[in-house]
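Understanding the architecture of this molecule
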Amino acid sequence: MLSERMQKSLNDQIKLEGDSSQIYLSMAVWSETKGMEGVAKFMYDHADEERQHMLKIIRFVNERGGVAIVPDVAKPTSNFVSLKKMFEILFNHEVMVSKKINDIVHVSLEERDYASNNFLQWYVSEQIEEEALARMVLDKINMIGDDKGGLYLFDNDIKTIVAQAGTGPQ
Ligand code: FEO
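Residues numbered from 1 in each chain as written. Predicted model: local features only at pLDDT ≥ 70, side-chain atom pairs only at ≥ 80, totals over all residues. Heavy atoms only, no water.

1. What about the overall build of the chain?
- When helices and strands are tallied, the chain shows five helices and zero strands.
- In sequence order, the secondary structure elements of the chain are arranged as α-α-α-α-α.
- Here the C-alpha radius of gyration of the chain, 17 Å, is about what a compact globule of 170 residues would show, namely 15 Å.
- C-alpha atoms of the chain, sized along the principal axes, occupy 55 × 25 × 20 Å.
- Looking at the chain residue by residue over its 170 residues, the buried ones come to 48%.
- Taking as baseline every contact in the chain between residues at least 6 positions apart, the subset at least 24 positions apart corresponds to 80%.
- Just so you have it, the chain exposes about 9300 Å², and 54% of that area is on carbon and sulfur atoms. (Helix = DSSP H or I, 4+ residues; strand = E, 2+ residues; numbered from the N terminus. Rg over C-alpha atoms; globule rule 2.2 N^0.38 Å. Buried < 20%, exposed > 50% of the residue type's maximum accessible area, 1.4 Å probe, protein only. Contact = heavy atoms within 4.5 Å. Areas by Shrake-Rupley, 256 points an atom, 1.4 Å probe, with all protein chains shown as cover.)

2. A closer look at the environment of Tyr44
- With respect to the secondary-structure elements, Tyr44 resides in helix H2 (residues 37-63).
- You can call Tyr44 partly exposed: its relative accessible area is 30%.
- If we ignore the near neighbours within four places in the chain, the residues touching Tyr44 are Leu25, Ala28, Val29 and Glu32.
- A distance of 2.6 Å separates polar atoms of two side chains, one belonging to Tyr44 and the other to Glu32. (Polar contact = N/O pair within 3.5 Å; in protein donor to acceptor, adjacent residues only side chain to side chain.)

3. What about the packing of aromatic side chains?
- Going through the model one piece at a time under the given rule, you end up with six aromatic pairs.
- Judged by centre distance (6.3 Å) and plane angle (90 degrees), the ring pair of Trp30 and Phe80 falls under edge-to-face. Placement of Trp30 in helix H1 (residues 4-33) and of Phe80 in the loop between H2 and helix H3 (83-110) is noted, with a sequence separation of 50 residues between them.
- What makes Trp30 buried here is its relative accessible area of 7%.
- Between Phe42 and Phe87, the aromatic rings sit 5.7 Å apart at their centres with planes inclined by 50 degrees, giving tilted as the arrangement. Of this pair, Phe42 sits in helix H2 while Phe87 sits in helix H3, and the two are 45 residues apart along the sequence. (Phe/Tyr/Trp six-rings, centres within 6.5 Å; stacked < 30°, edge-to-face > 60°.)

4. Describing the packing of H2 against H3
- The interhelical angle for the contact between H2 and H3, taken along N-to-C directions, is 20 degrees, at an axis separation of 13 Å. On the basis of their axis angle, the class for H2 and H3 is roughly parallel. Considering how the two elements wind past one another, H2 and H3 form a crossing that is left-handed. Residue-level contacts link Val39, Phe42, Met43, His46 and Glu50 of H2 to Leu83, Met86, Phe87, Leu90 and Glu94 of H3.
- Residues that form the contact of H2 with H3 fall into these classes: seven nonpolar, one polar and two charged. (Axes fitted to C-alpha atoms, helices over the stretch in contact; angles between N-to-C directions. Parallel < 35°, antiparallel > 145°, perpendicular 65-115°, else oblique. Left-handed = near helix turned anticlockwise from the far one by under 90°. Nonpolar A, V, L, I, M, F, W, Y, C, P; charged D, E, K, R; others polar.)

5. Some thoughts on unusual backbone geometry
- One non-glycine residue, Val81, adopts positive backbone phi at about 65 degrees.
- Within the secondary structure, Val81 sits in the loop between H2 and H3.
- Residue class for Val81 comes out exposed when judged on its relative accessible area of 59%.
- Located in the positive-phi region is Arg112, a residue other than glycine, with phi close to 55 degrees.
- Relative to the helices and strands, Arg112 resides in the loop between H3 and helix H4 (114-144).

6. As for the pattern of salt bridges
- Counting across every chain of the model gives eight salt bridges.
- Close ionic contact of Lys41 with Asp45 constitutes a salt bridge, the shortest N to O distance being 2.6 Å. Separated by four residues within a single helix, Lys41 and Asp45 lie in helix H2, roughly one turn from each other.
- Among the residues examined, Asp45 registers a relative accessible area of 29% and is labelled partly exposed. (Salt bridge = Lys/Arg side-chain N within 4 Å of Asp/Glu carboxyl O.)

Here it is as structure tokens:
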């Protein structure tokens, strides 16, 4: 059985994962309408992954005798200014999500809720992957700079980067 505090923390994370999905969906639209199809695919896939992250917690909360709260759909920003700025936002967002996961893991230990702690370990590992992937992509973008040819190749390469990274819920 979940404690009130544990349930609240998990429900907050459900909302954050839902918000993440919306942000990446907005990034997908921005990229697609700027002609960057590879980046758009990366973002659409990422948005789907975040929705899966949300669903996984929803199912867990209900399974443990709690009640999951389906969060509001918040409208994210739609202007990301540049490819570099967009991936900086993505990276910073993932760093923030990692901090939130750490906070919930902390709550699970304080509540002596080892089942939730065990469940959350998947998210701890996932965040390591997500941060590493975002950092790698950002490094590549910084290397390319304003080189148009480089950007064209990057848009193509990002499809394979994602496939090789093999991120996503197992
Ligand atoms: Fe579900 Fe990207 O954190």
